[in-house]
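# Topology and contacts: notes
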Amino acid sequence: MFVFNSRNKRWIGSMGAVLMGAAVVCVPMDVQASGALGSSSQVGISADLEAVEDTSVLEVAMNDIVISEFNLDGYSNLGIVTVSEGKVNIRETPSTDGKIVGKIGKDAGCDVLGEEGEWLHIRSGEVEGYIKAEYVLTGTDALQQASTLLKKVAKVTTDGLKVRTEPNTECEILDMVGSGQNFDVLEELDGWVRIDLDGETGYLSTDYVEVGSQLDEALTISELLYGEGVSDVRVAISDYAKQFIGNPYVWGGTSLTNGADCSGFVLSIFSHYGISLPHSSRAQANCGTTIGTSELLPGDLVFYGNGSGINHVALYVGGGQVVHASNARVGITISSVNYRTPVKAVRLIQD
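First, a word on scope: everything that follows refers to the structure included in this document. Fair warning: this is a prediction, and the values are worked out from it, not measured in the lab.

Each helix and strand counted, the protein has 8 helices and 23 strands in total. Relative to its 351 residues, the protein shows a buried fraction of 46%. Here the contacts in the protein between residues at least 6 apart in sequence split such that 60% fall between residues at least 24 apart. Total accessible area on the protein is roughly 16600 Å²; 47% of this is exposed by carbon and sulfur atoms.

As structure tokens, then:
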């Protein structure tokens, strides 16, 4: 994960200001000794930049300062993936014949470990391998791009954390979430963070979350596995659903490319396979056969809710993962099946 300390006041400033600060670090010792940096004349940063003849030294210093300023743990040489759509394969060896060990999408972050011809050796999340260099921004371009991609999140640090409808412990419980789950932060309050929970507003106590920022990361192949004994149609439905990850969320929408809400996403996935569903998560929960969450197979539906009933639906794709249209900020995404507490599971495919 790509995390910064939310208490660091430098977060408020622009990335450009931090990058310009790198010039001071890089100025050769003879320039510093001459008193240029401490002069009261109109020398400034531009003159310091001109004093740096080795641009590679400047770039390294910029990288180090940005990583330090934003506490980007796990990144020593930041790269940003620039593929236009879909996800790029990460391979075990620097060859198109190499085994695929993960997949990474547009705007995801990676640590560039080395270079072999037209390939970069990278690490992103739990995945390490090789990707074509043409798909990755590096150096100052990556640093500049990263400043526009960081999103503030709250990471839950305890199991069974109550999501409240208001920022106090006396109000209604909206849901319960598990340790390690991340939620978009809409606002930081005194002792609470306001989060987006699949399009609904909820509040988490800051005693049980870590607030920071992150970039998207690669998915391991194990995160995309289905398990043994899965029918072809279940594999096909899961594969079909995952290709729309990253596409937008639109309330009331049913378009897998231009925008869908949670039930519209599920409706359109199953419509592709000749199965008709109503456009409502509550109505979809009454379709098919109710099963236990321990019985889930790819292609089954998982439902989430609050005190007033079911309000969200996701498609189980195996490996403990669901794909769903989450909210307007996240869009169609992949999550742990327990990122919220499931209240019901339904089987539509009888095989």
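Most of helix α7 (residues 262-271) is tucked away, with 9 of its 10 residues classed as buried. All of the buried residues in α7 are Cys 262, Ser 263, Gly 264, Phe 265, Val 266, Leu 267, Ser 268, Ile 269 and Phe 270.

Note: strand β8 (residues 151-156) against strand β14 (residues 209-214), 6 bridges, orientation antiparallel. Looking at β14, one finds that Val 156 is bridged to Val 209. Note: β8 against strand β11 (residues 182-189), 3 bridges, orientation antiparallel. Note on β11: the bridge partner recorded for Ala 154 is Phe 183.

The biggest cluster of nonpolar side chains holds 28 residues, and the ones touching the most others in it are Phe 265, Ile 269, Phe 270, Leu 301 and Leu 315. Every element with two or more residues in this core is listed here: α6 (232-242), α7, β19 (301-306), β20 (309-318), β21 (321-327) and β22 (331-336). With 5 residues, the top contributor of residues to this core is α7. Those residues within four positions of Leu 315 in sequence are excluded, and the remaining contacts are Ile 237, Ala 241, Ile 269, Phe 270, Gly 299, Asp 300, Leu 301, Gln 321, Val 322 and Val 323. By size, the runner-up hydrophobic cluster in this structure holds 24 residues, among which are Val 156, Val 177, Leu 296 and Val 302.

Each value, and the rule that gives it
Residue indices begin from 1 for each chain and proceed along its sequence in written order. The predicted origin of the model limits local features to residues at a pLDDT of at least 70 and limits the giving and counting of side-chain atom pairs to 80 or more, whereas totals for whole chains, interfaces and linings rest on all residues. No hydrogens and no water enter the side-chain calculation; it runs on all heavy atoms of the structure. Secondary structure elements follow DSSP: runs of H or I of four or more residues count as helices, runs of E of two or more count as strands, with numbering from the N terminus. For every residue, the accessible area obtained with a 1.4 Å probe (protein chains only) is divided by the maximum for its type, and the residue is called buried under 20%, exposed over 50%, and partly exposed between those limits. The contact criterion used is simple: two residues touch if any of their non-hydrogen atoms lie within 4.5 Å. A 1.4 Å probe and the Shrake-Rupley method give the accessible areas. Residues count as covered only by the protein chains that appear here. Pairing between strands requires that DSSP locate at least two bridges from one strand to the other. Definition used in this section: a nonpolar core is a set of buried Ala, Val, Leu, Ile, Met, Phe, Trp, Tyr and Cys residues joined via side-chain atoms within 4.5 Å.

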